[in-house]
Each structure stands twice: as structure tokens, then as C-alpha cells.
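# Structural overview
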Amino acid sequence: MKYKSSDNQRVQKKIMNQFFIEGKVAIVTGAGQGIGKAIALTFAQAGAELVVVDIDSASANSTAQEVHHMGREALALSADVCDTRQVDGVVRETLERFKRIDISVHNAGGGYPTKAILEMSEEEWDKSVALNLKSAFLCCRTVGKVMTKQKRGSIVNMSSMAGFGPYPLGANYAAAKAGVKNLTENLAVELGSYNVRVNALAPGPVETPTIAEYYKEHPDMKEQRLRAIPLRRIASPEDIANVALFLASDASAYVSGQTILINGALPTFVRPELIAELGRRFE
Ligand SMILES: NC(=O)c1ccc[n+]([C@@H]2O[C@H](COP(=O)([O-])OP(=O)(O)OC[C@H]3O[C@@H](n4cnc5c(N)ncnc54)[C@H](O)[C@@H]3O)[C@@H](O)[C@H]2O)c1
């Protein structure tokens, strides 16, 4: 059968529409800067109303203003995602304002490789696990209760390539992000019957404004990274936001329980120079 040009346009529109999230209500945590901000702005461009959550109220307000300028509604909320009551408060205020939650991105988190396991304090371990894993559990639990009642929703957690293998000097962060991957798989099974999908993003290195500043001071580190990444560039926050949009939208209607690596085919975080350094570290 031969397509007429009007048929082609209709088919193209139908395909593209699946990536739009027009009128959907999306929570994004850690949306004051970096990857979370890029996700919030990409969602707004794709038509969503936003709940911009950040522990830093000034940056939450600033992202919300940018969303407003795009002609979308935005509610800025200051909350610590490691605190049950504050997470419950975010969901309560979202429902008061928008009456439903279609999409929830649990992005707030972070951590740099700083300490070998033998040098790590219990506090450093607990802090990273609370920020990166417990926060995802708290957000998933509260949002999940709303989405199961609605009988629909898409949850996107933030894991990391660090959760897929060794991340030397950052085992607290890596173990927590591996936990996020497993939490995502379990929750997808537990909520699948309610038409709630649960997926996660696992970026490799991303050049957020903060990291760009760091690279300016340490150009050698950037060079090392670029040499190891087959796609020959470091991801931008928007590279991650585009995959978040895919997972949030109906384009991924049959995808659940997956943690998607977004790393330009970088095979590992283990650098030979680091193995040599570790070989001398505990003598
Ligand atoms: N940047 C990378 O290379 C990279 C790679 C893989 C995964 N990730 C993950 O992506 C996510 C975002 O990373 P980023 O580089 O954009 O970080 P970032 O530090 O630039 O931004 C994180 C945002 O989260 C907020 N935040 C921190 N703690 C919070 C809390 N307890 N409650 C609420 N908000 C809080 C901060 O105020 C900030 O606005 C993190 O989960 C991180 O682990 C980042």
C-alpha cells in the first residue's frame, strides 16, 4: 500500500504525540539545578505542569519561574527528600493543587568518589544511602499510594552507571544506586497490575554546570574521561532529560522495571592509574 503525504503527516503526528506529556502533572525532585532542572524544563516543553522540589528553595523557585515563562503551571516546593514527613508534604500539596500525579521523577541525590571503603566512616556510608536510596524508597512509597488509586502513573528513579559495577572510592554511592535499580525492579512488579510503570535512569558522567566548573579547574580529568568514552563526549543534562521524557511518556507504555544506562558506551569507571594508586594506599 502506498502512503499519501497527508497519511504520512497523520502517522508522524501520531508517533510524535506519544512523546508529548501535554497537561500531565509531573513531580521532579532535585529540580533546582543540574539534571533535575533539565528534566523539569524538558517536561515543560513537552507540555507538562510541574511540581519543582528542591531542598534549596531559591533554586526551586528559579526553575519554577522558567517553567512559568514557558506558559506552564509550576509549583515550587522546598523539601528534604530524606525526610518522610516532608515527602508526604510534597505529595499532599501536589494533590491540593493539581488533584493527581501522572509522573514522578526521584532525581535528588548525588555523591563524589572520595573515600576507599577501609577509610570510610559509618556516617559517610549512612548519609549517602539516605540521600540516594532511602529517599527513592520514601518518594516511591508515598507517590505509589496515589498512583495505585489512580490506576495509572509513571515513576522514574535516578540510579547511576556507578550502580552497575565498581566505582572506586565511591562504594557508598555505588551501593545505594545499585539499590535504586533493585528497588525499581521490585516496585515495577508490585505495581504493574495497577497500570503504574516504574523505571530508572543510570547516567555515566554528565556535564552539569557544577561539573563543568570542576572540569575548568581540572582539564586533565575531563581529558581522561573523554579518552574513555567511545561516543567522545560527556553527556549533557538534556541527554538524560530526553530519556526521562521517553520513560515518562506513553512512548514507553510497555517498558517497566528497567534501569537505562545513558553513558556513551563507557565500559567502566575503573581507571588503570587508580588501580596502581590503590595498590600503594594501604601499605
Ligand atoms: N552528574 C552526574 O555525572 C551524574 C551521573 C549519574 C547519576 N547522577 C545522579 O543524578 C542526580 C542529579 O545529579 P546532578 O549532577 O544534577 O546533581 P546536582 O548536585 O547538580 O543537583 C542536585 C539537586 O538536588 C538537590 N538536593 C540535594 N539533596 C537534596 C535533598 N535531600 N532533598 C531535596 N533536594 C536535594 C540540590 O539542592 C540540587 O539542586 C543525582 O541523583 C545523581 O546521583 C548524576
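Up top you'll find the structure we're talking about.
Now for a look at the structure at hand. Sequence positions are assigned chain by chain, starting from 1 and proceeding in written order. In keeping with the predicted nature of the model, local features appear solely for residues at pLDDT of at least 70, side-chain atom pairs appear and are counted solely at 80 or more, and the whole-chain, interface and lining totals rest on all residues.

## Comments concerning the overall build of the protein
Counting from the N terminus, the helices are the DSSP runs of H or I reaching at least four residues and the strands are the DSSP runs of E reaching at least two. For the protein, the helix and strand inventory stands at ten helices and seven strands. Here the C-alpha atoms of the protein give a radius of gyration of 20 Å, agreeing with the 19 Å that 2.2 N^0.38 yields for 283 residues. By its C-alpha atoms, the protein is 70 × 50 × 35 Å across when sized along the principal axes. A buried classification covers 41% of the 283 residues belonging to the protein. When contacts within the protein are restricted to residue pairs at least 6 apart in sequence, long-range pairs at least 24 apart make up 74% of them. All radius of gyration figures rest on C-alpha atoms, and the globule criterion is 2.2 Å times the number of residues raised to 0.38. Exposure classes come from backbone-placed C-beta atoms, where a residue is buried if 20 or more other C-beta atoms lie within 10 Å of its own, exposed if 12 or fewer do, and partly exposed in between. Each residue gets a C-beta atom placed from its backbone, and two residues are in contact if those atoms lie within 7 Å.

## Remarks on the site of the ligand
Only the C-beta atom, placed from the backbone, is used; a residue is near a molecule or strand if that atom lies within 6 Å of it. As a matter of local geometry, the ligand sits amid 27 residues, with Gly30, Gly32, Gly34, Ile35 and Gly109 nearest to it. If you list the elements that add at least two residues to the shell around the ligand, you get α2 (34-45) and α7 (209-217). Per-element accounting of the shell around the ligand gives the leading share, three residues, to α2.

## Here we look at the packing of α2 against helix α9 (residues 237-248)
Contact pair α2 / α9: the axes reach a minimum separation of 8 Å and the direction vectors enclose 50°. Relative to α9, the element α2 is oriented oblique. In this structure, α2 meets α9 at a crossing whose hand is right-handed. In contact with Gly34, Ile35, Ala38, Ile39, Thr42 and Phe43 of α2, α9 contributes Pro237, Glu238, Ile240, Ala241, Asn242, Ala244, Leu245 and Ala248. For helices, the fitted axis covers only the stretch in contact; all axes are lines through C-alpha atoms, and the angles between them, taken along N-to-C directions, range from 0 to 180 degrees. Roughly parallel covers angles under 35 degrees, roughly antiparallel covers those over 145, roughly perpendicular covers 65 to 115, and oblique covers all other angles. Whether a crossing is left-handed or right-handed is set by the direction in which the near helix is turned from the far one by less than a right angle, anticlockwise for left-handed and clockwise for right-handed.

## Observations regarding helix α3 (residues 57-69)
In an α-helix there are 3.6 residues to a turn, and that puts residues three or four apart on one side. For α3, with 13 residues, the first-to-last C-alpha span of 18 Å sits near the 18 Å given by 1.5 Å per residue. Considered for burial, the residues of α3 that qualify are Ser59, Ala60, Thr63, Ala64 and Val67. Buried residues of α3, viewed axially, fall in a sector of 140°; they line one side. What points out from α3, more than 90 degrees from its buried face, is the exposed set Ala58, Gln65 and His69. One or two steps after α3, the chain reaches Gly71, where phi turns positive at roughly 85°. In this analysis, the expected span of each helix is defined as 1.5 Å times one less than the number of residues it contains. Each C-beta atom gives one direction from the helix axis, and the arc is the one those directions make.

## Structural notes on the sheet that holds strand β4 (residues 103-106)
With respect to topology, seven strands assemble into an open sheet ordered β3-β2-β1-β4-β5-β6-β7, the strand pairing being parallel. Each edge of the open sheet carries a strand with a single partner, namely β3 (74-78) and β7 (259-262). Strand-to-strand, the axes of this sheet are offset by a mean angle of 15°, without reference to chain direction. Across five bridges, strand β2 (residues 49-54) lies against β3 in parallel orientation. For two strands to be treated as a pair, DSSP must find no fewer than two bridges joining them.

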